[in-house]
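Residues per chain are reported as follows:
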Amino acid sequence: MVTVLVWTLLLAIAVWWNVRVAYQQAFELAKTQAHIALGKDLAFRRWASKRGGIYMELGPLVSPSPLLNHLPDRDLIATNGVHLTLKNPAMIMNEITQEAPQFYGVKTRITSRLYMNAVDAPDPWERTALFIVEGTREDYFAATLIDGKPYLRMMQPMIMEPSCLKCHAWTGIKVGELRGGTDVSIPLAPFYAAAAKQARGVAASHGAIWLLGIVSIGFITRRTILVEVERSHQEAELKEKNLELQDSRQYLLTIIDFLPDATLIIDSAGKVVGWNRELSRLTGVAAEAMIGRGELAYSLPFYGQRRPLLIDVAMNPALDGDGRYDGFSRLGDIVHGECWAPCLGETPAYLISAASVLRNSKGEMIGAIECIRDNTEQMKAQKRIKLLAKIFNESGEAIVITDNENRIIETNKAFAQFTGYSREEALGKNPRVLKSGIEDSKFYEKMWRSILETNYWQGEIWDKRKDGSLYPKWLTITAIRGEDNVITNYFATFSDITQRKEAEKRIEQLAHTDTLTSLPNRHTLVERLTQALEQAKRGGHSLAVLFVDLDRFKMINDTLGHHVGDLLLMEVASRLKSSLRAEDVVARFGGDEFVVVQPRIRSQVEPAHLAEKILKTVAAPYFLDNNTVYTSPSIGISVFPSDGTTVAELFKNADAAMYHAKAAGRNTYQMFTKEMHTAARQRLAIENSLRSALANDEFVLHYQPQVEAASGKLVGFEALVRWQNPDRGMVLPDSFIPVAEETGMILEIGRQVFEKACRQAAFWRGAGHPCVRIAVNLSARQLRQPDLPELLSGIMKQCGADPEMIELEVTESMTMERPVESIRILGALKSMGIGLSIDDFGTGYSSLSYLKLFPVDKLKIDRSFVKDLEVDPDDAAIASATIAMAHTLGKKVVAEGVETQAQLDFLVEHGCDIIQGYYFSKPLSAEDAEQYLSQRAENKSL
């Protein structure tokens, strides 16, 4: 009965759906008809619009349109006397559409919110449709009733075209904008009639299908009842047999459940039918949660993923277990294997498994069984034993195990490598076969006492190899005792420490020796001098310290390269060693400084004799790397106890004496005196005062005029730094510039001097004074600054000074220290517009080949040549030659230190360009220099 009801309901739904689809199709056909009607209307309207209006003959059906009264050419008279009136496309369309409804009831008309004719006014539906069309610019349709009959009404948007403006321009609507719509009404009755006819056909066909189904249901129902009765009898018989099988199966499962191995049984479909207690304990999964599950779910507790177990490999010979199991083997239906199960507990478990296929009496496969045993602990023990054996045999240290009678029972590979004895040769021997004979019996007595009392000994010992060679080794011996505290074995490890001993020796050598010269270094020197002082104090004798510094070593290093410098230091070290007595000490103190110690002298003449010998030896020429090199030593000597009683005092005083030797012209030696000590203290006081002077801005500039020789015109000033010390008053440069150069403070002093000069030049220009250059002296350290051009440029910008206001003076000697670098820096300064001159020309050792490359504007003749110009022919010759050479090179000449008329006359006569000296003015303060400028300007105007 239920089947009949369901069948009837399905057929009824099918009929309803098909009828619904038929009416929907009818409605869509009506929409298509509406589109066609509107298309025809639009085609006519565009056709008529493109061709303008149409003139018709007046008659009963044609009368003038009052809506076209505004057109002057509305009415015309033809040449044949016929009266014509204009009809626009809209009017014609309205008249046509009034005739159309009699053909199939289709109605079409044009309407708009802004209409000219009341006939075109929109009805309520059209007003709604126009609102929607204006918003969407798309066609709008709806089913509605007209005179009680169903119609499909469609509104199509109408766009203002150029031809429409003739009649509708008054609306203000522009071309391309929406000006109304075209309404078409399609009667739905014909379409619905066709849909009803189709629906009747559907109902008739589905009725026939329903009847056929009822007959089929009756036949099938009768047949099913007969089959069900037969099946019930069969099930009853099968149930009795299954009960018997279940009893046998339960008996078998009970036996399996108590097996000591974890046991898994699956049927031929791969579903679990057996999961014993041991397997539940091993996996932590109860049998109830696993019985009946298939699709390899039983592998999840073992691997965390579904993958074949050994039981699956047994059932499917195509599966290869070699890649998954260790020791895999297959014998018929039985397979064996071992593997790691990563998800059993916190750590992976190592399992041993055996699986077999289960078959029925016909030989058909009905399932499989797998027995699993956790062998993790045994496996870990085996691996640990293997690891320990590998560590024992592969250890980098030699290992020896002896029994309680000290007979060798085991050795490793390292033992054979170190001793030369193979394992077979060593077994059974006493380790004394390795004894070197260097250690005495007391050494071994002490060693065995430690082993027996503490079970341990460690230390360095010499052993003998099989070939008889001796080597040092580091040995560790451990006594192993049993439960009764009786020694059962001795365990010894040792390693060859030959390389370590050599490294220690090398480190010791490096710690006390200079790597370049192989002389003792400063640390060793201090140790030996300390020992010598202690011996001198105890013995009441004197000792001497000679501080040796190489002259012009930096220039050699910079000019010829560090490689040649290193060769020179090595050769000097060799010559110093050859000049000394066996008991004397020579060490490299650092850089190009060496120290010689005479630990015992009878008089202060001995150090002087040694110094003279060193001077002669070290000053001899050196032939290094295809270069002939010359250097000389400056030596300072201090003597214990007169010049100091400690290492520090002797070093300090010898160093001070060495600086006095350099000041004395180099290539000489000086003994330390109290006057040197006083001078050193004064120098330290000046150094400390200079630091305060920099912080307190105590440096001022004085300006000495520079006058054009021929005309007497002021062309510049030289800025001369003075130190306005609050305690000592005005300090001249000779007193502090050398200290500033040595300490490096000259860099900051030079920066301040340049900044003050720039500010003064900018101030004078702002005050309206004539522009004259201020010459500023550069120090050697400043010239060695790679970024000097950028530094000076920044200062000039900060102070508002132009480069043409500034001139820089460099000494002849400083340019030749590093000529190539000097040319680069001076070139950069010259390109900035700064004037350049070489000061003290003639006192240095310029190379004319370099001089012509220096981008300088002026050469300054040193005052030492100007002072005796009138009386010394040599000075006169040098001055005149310098002027001639400078002019030949295109450079101007400045003579400084001019004080007399005779000097001035000589210089003017020989063409000197600029004069500087007391003849015109001494150095002036900034205020006096400004007054000097003003006076010069007034004199010029007069």
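Residues numbered from 1 in each chain as written. Predicted model: local features only at pLDDT ≥ 70, side-chain atom pairs only at ≥ 80, totals over all residues. Heavy atoms only, no water.

A.B. asks: Describe the packing of aromatic side chains, with residues and values.
C.D. replies: The description of an aromatic ring pair rests on the distance of the ring centres and on the angle between the ring planes. If you walk through the whole model with that rule in mind, you get 20 aromatic pairs. Aromatic side chains Trp 340 and Tyr 350 sit 5.0 Å apart centroid to centroid with 65° between the ring planes, which places their arrangement in the edge-to-face category. Of this pair, Trp 340 sits in strand E11 (residues 334-341) while Tyr 350 sits in strand E12 (residues 349-359); the two residues are ten residues apart in sequence, bridging distant segments of the chain. With centroids separated by 5.6 Å and ring planes inclined at 80°, the aromatic side chains of Trp 723 and Phe 736 adopt a geometry described as edge-to-face. On the criterion of sequence distance, the pair formed by Trp 723 in strand E27 (residues 714-725) and Phe 736 in helix H21 (residues 733-743) is long-range, its members being 13 residues apart. For the pair shown, Trp 723 and Phe 736 are each scored as buried. Put simply, the rings of Tyr 703, Phe 717, Trp 764 and Tyr 932 touch in pairs and so form one group of aromatic residues. Above the plane of the ring of Tyr 622 lies Arg 575, whose end atom (NZ or CZ) is 3.6 Å from the centre. (Phe/Tyr/Trp six-rings, centres within 6.5 Å; stacked < 30°, edge-to-face > 60°. Helix = DSSP H or I, 4+ residues; strand = E, 2+ residues; numbered from the N terminus. Buried < 20%, exposed > 50% of the residue type's maximum accessible area, 1.4 Å probe, protein only. Lys NZ or Arg CZ within 6 Å of the ring centre and 35° of its normal.)

A.B. asks: Explain the sheet that holds strand E3 (residues 83-87) residue by residue, including any values.
C.D. replies: What holds strands together in a sheet is hydrogen bonding between their backbones, with the strands either parallel or antiparallel. Pairing is antiparallel across the open sheet formed by three strands, whose spatial order is E1-E3-E2. One side of each edge strand has no neighbouring strand; the edge strands of this open sheet are strand E1 (54-57) and strand E2 (75-77). The mean angle between the axes of side-by-side strands here comes to 35°, regardless of whether they run parallel or antiparallel. (Pairing = 2+ DSSP bridges. Axes fitted to C-alpha atoms, helices over the stretch in contact; angles between N-to-C directions.)

A.B. asks: Got a sec to walk through the nonpolar core? Specific residues and values, please.
C.D. replies: Note that soluble globular proteins tend to have their nonpolar side chains buried in a common cluster. Ranked by internal contacts, the top residues of the largest apolar core, which has 75 residues, are Leu 690 and Leu 808. Counting residues per element, this core draws most heavily on helix H22 (residues 746-766), at eight residues. Other than its neighbours up to four places away in sequence, Leu 808 contacts Phe 754, Val 776, Leu 778, Leu 792, Leu 829, Ile 834, Gly 835, Leu 836 and Ser 837. Counting 30 residues, the second largest nonpolar core, distinct from the first, contains Leu 279, Leu 282, Leu 351 and Ile 372. (Core = buried A, V, L, I, M, F, W, Y, C linked by side-chain atoms within 4.5 Å. Contact = heavy atoms within 4.5 Å.)

A.B. asks: Tell me about the pairing of strand E33 (residues 892-896), and please be specific about residues and values.
C.D. replies: Each regular strand carries side chains that alternate between the two faces of the sheet. The buried fraction of E33 is high, at four of five residues. Bridging between strand E32 (residues 858-861) and E33 involves four bridges; their strand directions are parallel. Within E33, the residue paired with Leu 859 across the bridge is Val 893. In this region the chain leaves E33, passes through helix H30 (residues 901-909) and returns to the parallel neighbour strand E34 (residues 914-916); the handedness of that crossover is right-handed. (Right-handed = clockwise from strand over helix to strand, strands pointing away.)

A.B. asks: How would you explain the packing of helix H16 (residues 553-560) against helix H17 (residues 562-579) if you had to name every residue and give the values?
C.D. replies: At a closest axis distance of 6 Å, the pairing of H16 and H17 adopts a crossing angle of 140°. What the angle tells us is that H16 and H17 run oblique. The segment H16 lies against H17, with Phe 553, Ile 556, Asn 557 and Leu 560 engaging His 562, Val 564, Gly 565, Leu 568 and Leu 569. In the contact of H16 with H17, the residues fall into six nonpolar, three polar and no charged. (Parallel < 35°, antiparallel > 145°, perpendicular 65-115°, else oblique. Nonpolar A, V, L, I, M, F, W, Y, C, P; charged D, E, K, R; others polar.)

A.B. asks: An account of the pattern of salt bridges is requested, with residue identities and associated values reported.
C.D. replies: In the structure shown here, the tally under the stated rule is 38 salt bridges. With its nearest N and O atoms 2.8 Å apart, the salt bridge here joins Lys 662 to Asp 549. With Lys 662 in helix H19 (residues 647-663) and Asp 549 in strand E19 (residues 542-550), this residue pair connects regions lying 113 residues apart in the sequence. The pair Lys 662 / Asp 549 is uniform in exposure class, with both members buried. Its salt-bridge partner being Asp 558, residue Lys 554 comes within 2.7 Å of it at the nearest N-O pair. In this pair, Lys 554 and Asp 558 both sit in helix H16, four residues apart, roughly one turn of the helix. Owing to a relative accessible area of 37%, Asp 558 belongs among the partly exposed residues under this scheme. It is possible to trace a salt-bridge network through shared partners that takes in Arg 109, Asp 123, Glu 126, Arg 153 and Asp 183. (Salt bridge = Lys/Arg side-chain N within 4 Å of Asp/Glu carboxyl O.)

A.B. asks: I'd like a rundown of helix H15 (residues 522-539), residues and numbers included.
C.D. replies: A rise of 1.5 Å per residue sets the reference length of H15, with its 18 residues, at 26 Å; its end C-alpha atoms lie 25 Å apart and thus fit the reference within 8%. If you check which residues of H15 are buried, you get Thr 524, Leu 525, Leu 529, Ala 532, Leu 533 and Ala 536. Summarising the axial view, the buried residues of H15 lie within an arc of 170°, below the 170-degree limit, and thus occupy one face. Pointing more than 90 degrees away from the buried face of H15 are the exposed residues Gln 531 and Arg 538. The N-terminus of H15 is capped by Asn 521, whose side-chain oxygen sits 3.3 Å from the backbone nitrogen of His 523. (Expected span 1.5 Å × (residues − 1). Arc of directions from axis to C-beta. Polar contact = N/O pair within 3.5 Å; in protein donor to acceptor, adjacent residues only side chain to side chain.)

A.B. asks: How would you sum up the side chain of Glu 755? Please name residues and give values.
C.D. replies: Examined against the element boundaries, Glu 755 turns out to sit in helix H22. Aside from chain neighbours lying at most four places away, what touches Glu 755 is Ile 795 and Cys 799.

A.B. asks: How would you explain the sheet that holds strand E7 (residues 178-187) if you had to name every residue and give the values?
C.D. replies: On the basis of which strands lie adjacent, the open sheet formed by four strands has the order E4-E7-E6-E5 and antiparallel pairing. Two strands in the sheet have a free side with no partner beyond their single neighbour: strand E4 (107-111) and strand E5 (140-146). Averaged over all adjacent pairs, the angle separating strand axes in this sheet is 25°, with direction ignored. Note: E4 against E7, five bridges, orientation antiparallel. Looking at the pairing, Lys 107 lines up with Ser 185 of E7. Each of E4, E5, strand E6 (149-159) and E7 touches helix H3 (residues 124-136); the most contacted strand, E6, lies at about 40° to it.

A.B. asks: How would you summarise the state of the cysteines if you had to cite specific residues and measurements?
C.D. replies: Counted according to the given criterion, the structure contains zero disulfides. Free cysteine: Cys 758, not disulfide-bonded; nearest cysteine sulfur from Cys 799 at 5.3 Å. Residue Cys 758 is classed as buried on the basis of its relative accessible area of 0%. (Disulfide = S-S within 2.5 Å.)

A.B. asks: Now, about the packing of helix H24 (residues 788-799) against helix H26 (residues 819-831): what can you tell me, with residues and values included?
C.D. replies: Interaxial distance between H24 and H26 falls to 9 Å at its minimum, and their mutual angle equals 25°. One element, H24, and the other, H26, form an angle in the roughly parallel class. For the crossing formed where H24 meets H26, the hand is right-handed. Across the interface between the two elements, Leu 788, Pro 789 and Leu 792 from H24 touch Ile 825, Ala 828 and Leu 829 from H26. (Left-handed = near helix turned anticlockwise from the far one by under 90°.)

A.B. asks: Residues and numbers for helix H13 (residues 441-454), please.
C.D. replies: Compared with an ideal rise of 1.5 Å per residue, which puts 14 residues at 20 Å, H13 spans 20 Å between its outermost C-alpha atoms and is within 8% of the ideal. Taken residue by residue, H13 has Tyr 444, Met 447 and Ile 451 as its buried positions. Along the axis of H13, the buried positions cluster into a sector of 60°, meaning they face one direction only. Facing away from the buried side of H13 by over 90 degrees, the exposed positions are Lys 442, Lys 446 and Glu 453. On the buried face of H13, the contacting elements are strand E16 (456-464), strand E17 (470-481) and strand E18 (487-496).

A.B. asks: Outline the pairing of strand E21 (residues 593-601), supporting the account with residue identities and numerical values.
C.D. replies: E21 sits mainly inside the fold: eight of its nine residues count as buried. Here five bridges tie strand E20 (residues 585-590) to E21, and the two strands are oriented antiparallel to one another. In the strand pairing of E21, Gly 590 is matched with Glu 593. In this structure, the hairpin formed by E20 and E21 is closed by a connection of two residues, where Gly 591 is found at a positive phi of approximately 60°.

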